[in-house]
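Structural description and commentary
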Amino acid sequence: LHGIEFIDSYVFNKAEYIRFNSTVGRYVGYTELGLKNAEAWNKGPQLGQEQGELERFCKRNADLD
């Protein structure tokens with residue numbers, strides 16, 4: 001199961017402002033608000049929760065796809 005990537009994007013008004021990418025392993029902000037949120041979320045419990053999603057959801061369901 002190499003090459004599986006989990007991406008969680010947050011979009012408002014058709015513009016992506018923050019994204020978690022399991023390959024990068026952290027949140028990345030794309031707007032002023034996104035940068036502030038990414039900085040805070042990378043220091044908080046949200047980061048650990050997102051990192052667990054690759055194991056919990058993606059790898060378990062890879063065989064179904």
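Preceding this paragraph is the structure being described.
First, a word on what this report is: a plain description of the structure on this page. What you are looking at is a predicted structure, and each value in this text was computed from that prediction instead of being measured.

**Notes on the nonpolar core**
Note on soluble globular proteins: their nonpolar side chains tend to be buried together. Core analysis: the biggest nonpolar cluster contains 10 residues, these being F6, Y17, I18, F20, Y27, A38, W41, L47, L54 and C58. Once residues lying within four places of it in the same chain are set aside, the contact partners of Y27 are Y10, I18, R19, F20, A38, W41, N42, Q46, L47 and E50.

**Focus: the pattern of salt bridges**
It is possible for side chains of opposite charge to pair when their charged atoms get near one another. Using the criterion set out here, one finds four salt bridges in the structure. Of the charged contacts, one joins E53 and R56 as a salt bridge, the two residues approaching to 2.7 Å between their closest N and O atoms. One end of the pair is E53 and the other is R56, both in helix α2 (residues 45–61) and three residues apart, which spans about a single turn. Using a relative accessible area of 47% as the deciding quantity, one classes R56 as partly exposed.

The rules behind the values
Residues numbered from 1 in each chain as written. Predicted model: local features only at pLDDT ≥ 70, side-chain atom pairs only at ≥ 80, totals over all residues. Heavy atoms only, no water. Core = buried A, V, L, I, M, F, W, Y, C linked by side-chain atoms within 4.5 Å. Buried < 20%, exposed > 50% of the residue type's maximum accessible area, 1.4 Å probe, protein only. Contact = heavy atoms within 4.5 Å. Salt bridge = Lys/Arg side-chain N within 4 Å of Asp/Glu carboxyl O. Helix = DSSP H or I, 4+ residues; strand = E, 2+ residues; numbered from the N terminus.

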